[in-house]
Amino acid sequence: MINKCLFPVAGYGTRFLPATKSMPKEMLPVVNKPLVQYGVEEAIEAGLKEIGFVTGRGKRAIADHFDVSYELEHQIAGTSKEEYLKSIREVMKNASFSFTRQSEMRGLGDAILNGRRLIGDEPFGVVLSDDLCVAEEGVLAQMVKLYRQFRCSIVAVQEVAKEDIHKFGVIKGKELKDGIYQVEEMVEKPPADKAPSNLAIIGRYILTPDIFEIIENTPPGKNDEVQLTDALLTQAKNGCVMAYRFKGRRFDCGSVEGFVDATNYVYKNIYNVNEA
Ligand code: UTP
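This report concerns the structure included in the present document. (Residues numbered from 1 in each chain as written. Predicted model: local features only at pLDDT ≥ 70, side-chain atom pairs only at ≥ 80, totals over all residues. Heavy atoms only, no water.)

What follows is about the overall build of the protein chain. When its secondary structure is counted, the protein chain shows 10 helices and 13 strands. For 276 residues, the compact-globule formula gives about 19 Å, and the C-alpha radius of gyration of the protein chain, at 18 Å, lands near that figure. Seen through its C-alpha atoms, the protein chain measures out along the principal axes to roughly 60 × 40 × 40 Å. In the protein chain, which comprises 276 residues, the share counted as buried stands at 51%. Partitioning the intrachain contacts of the protein chain with sequence separation of at least 6 by distance along the chain shows that 77% fall at a separation of at least 24. (Helix = DSSP H or I, 4+ residues; strand = E, 2+ residues; numbered from the N terminus. Rg over C-alpha atoms; globule rule 2.2 N^0.38 Å. Buried < 20%, exposed > 50% of the residue type's maximum accessible area, 1.4 Å probe, protein only. Contact = heavy atoms within 4.5 Å.)

As structure tokens, this is what we get:
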């Protein structure tokens, strides 16, 4: 029912300079796997196997990662090292990849609008792969289940500390069930004293395709960027947008602290366990 997932990966990743000067931040490895591969694996787990990337300049490494590397593969064919390619081969077998470009960094809303031709007229997932989510059942898979029930856009939220609230889009809503809210208010990066709640939007969305037209009619907002949050608020007012307090943990791998936390967590709880 939902088959496609969009990965906006055009951002500059300035918080991670100088590492991101010539390398996409989505290719930063958490232990031995690039961030973007974790995101794609989460999408595949949720049944979203048509992957669309909205890229920008200097992001070619992402396309190469999801393509065959003949020379390398030829070199290590038949050796014990082939094992290391297992996870990416699995991903490539199970998904297809398309690419489009965002020519100017005009914000997340604009990046998503650029992905329109890859999506067409159907509901789709969005993953911001610098948010690494670990959960027993993938966060996107949890959200797809919810979509089946509500048939409207869904944003993943988590409770955050007051001092961090200014970094996020924040929602206010009517709690329909434990952890499921019908969104009434939404504001991008508010100061702590103006935030409508402590429920912050993280980088996982299910969007209905009417969002494209709404984004087209959404003027630039905070930081003079076209904000997805502003478009979602319009959608919430016209119809319905749900917020879902997901089960699992999320690491902000766009920041150095979050990235180090994720690395430690994955090394201890996932990598070592799988490799043992
Ligand atoms: P961020 O706010 O994390 O920005 O964007 P950034 O440029 O990637 O990183 P910093 O803040 O400079 O360190 C959130 C997501 O939206 C995408 C980014 O690639 C990231 O996945 N994005 C943002 C775009 O694709 N295009 C944009 O114009 C803005």
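The rest of the description comes next.
Moving on to the pattern of salt bridges. One pass over the structure, following the stated rule, counts 18 salt bridges. Put simply, glutamate 42 and arginine 204 hold a salt bridge, and the shortest N to O gap is 2.9 Å. With glutamate 42 in helix H1 (residues 35-45) and arginine 204 in strand E11 (residues 199-207), this residue pair connects regions lying 162 residues apart in the sequence. Residue classification places arginine 204 among the buried positions, given a relative accessible area of 1%. A salt bridge links glutamate 82 to arginine 89; the shortest N-O distance between them is 3.2 Å. (Salt bridge = Lys/Arg side-chain N within 4 Å of Asp/Glu carboxyl O.)

Now for the site of the ligand. Neighbouring residues of the ligand: 18 residues in total, closest Thr14, Arg15, Lys25, Gln102 and Gly107. At 2.9 Å, a backbone N or O of glycine 11 approaches an oxygen atom of the ligand. Compared with its free state, where it exposes 570 Å², the ligand has 82% of that area covered by protein. For the shell around the ligand, the residue count by class is 8 nonpolar, 5 polar and 5 charged. (Near = heavy atom within 4 Å. Polar contact = N/O pair within 3.5 Å; in protein donor to acceptor, adjacent residues only side chain to side chain. Areas by Shrake-Rupley, 256 points an atom, 1.4 Å probe, with all protein chains shown as cover. Nonpolar A, V, L, I, M, F, W, Y, C, P; charged D, E, K, R; others polar.)

A few words now on the packing of aromatic side chains. Taken as a whole and judged by the stated rule, the model has 9 aromatic pairs. With a centroid separation of 5.1 Å and an interplanar angle of 15 degrees, the aromatic rings of phenylalanine 53 and phenylalanine 99 are classed as stacked. Taken as a pair, phenylalanine 53 in strand E4 (residues 50-55) and phenylalanine 99 in strand E5 (residues 96-101) lie far apart in primary sequence, 46 residues in all. Its relative accessible area of 35% is what places phenylalanine 99 among the partly exposed residues. In textbook terms, an aromatic cluster arises when at least three aromatic residues are bridged by ring pairs, as seen for Phe7, Phe53, Phe66, Phe97 and Phe99. (Phe/Tyr/Trp six-rings, centres within 6.5 Å; stacked < 30°, edge-to-face > 60°.)

As paired strands, strand E9 (residues 169-177) and strand E10 (residues 180-188) are joined by 8 bridges and run antiparallel to one another. If you follow glycine 173 over to E10, its bridge partner there is valine 183. Linkage of E9 to E10, two consecutive antiparallel strands, is achieved through a turn of 2 residues, within which glycine 179 is found at a positive phi near 85 degrees. In this sheet, E11 lies alongside E9 in antiparallel orientation, the contact comprising 2 bridges. Note on E11: the bridge partner recorded for isoleucine 171 is leucine 199. (Pairing = 2+ DSSP bridges.)

What follows deals with the nonpolar core. Judged by nonpolar contacts, the single largest core of 39 residues is most densely connected at Phe7, Val40, Ile51, Phe53, Phe66 and Leu140. Within the residue set of this core, elements represented by two or more residues are strand E1 (4-8), H1, E4, helix H4 (86-94), helix H7 (139-150), strand E8 (153-159), E11 and strand E12 (241-245). In terms of residue count, the dominant contributor to this core is H7 (7 residues). Excluding its chain neighbours within four sequence positions, the residues that come into contact with valine 40 are Phe7, Ile51, Phe53, Phe66, Val91 and Phe97. In terms of nonpolar packing, the next biggest core, distinct from the first, is built from 31 residues, Val54, Val126, Val157 and Leu232 among them. (Core = buried A, V, L, I, M, F, W, Y, C linked by side-chain atoms within 4.5 Å.)

With that out of the way, let us pick up the side chain of aspartate 130. Relative to the assigned elements, aspartate 130 resides in the loop between strand E6 (124-127) and strand E7 (131-134). Within the local environment of aspartate 130, its side chain forms a polar contact with the side chain of lysine 25, the two groups lying 2.6 Å apart. If sequence neighbours within four positions are ignored, aspartate 130 has contacts with Arg15, Lys25, Leu35, Phe251, Asp252, Cys253 and Gly254.

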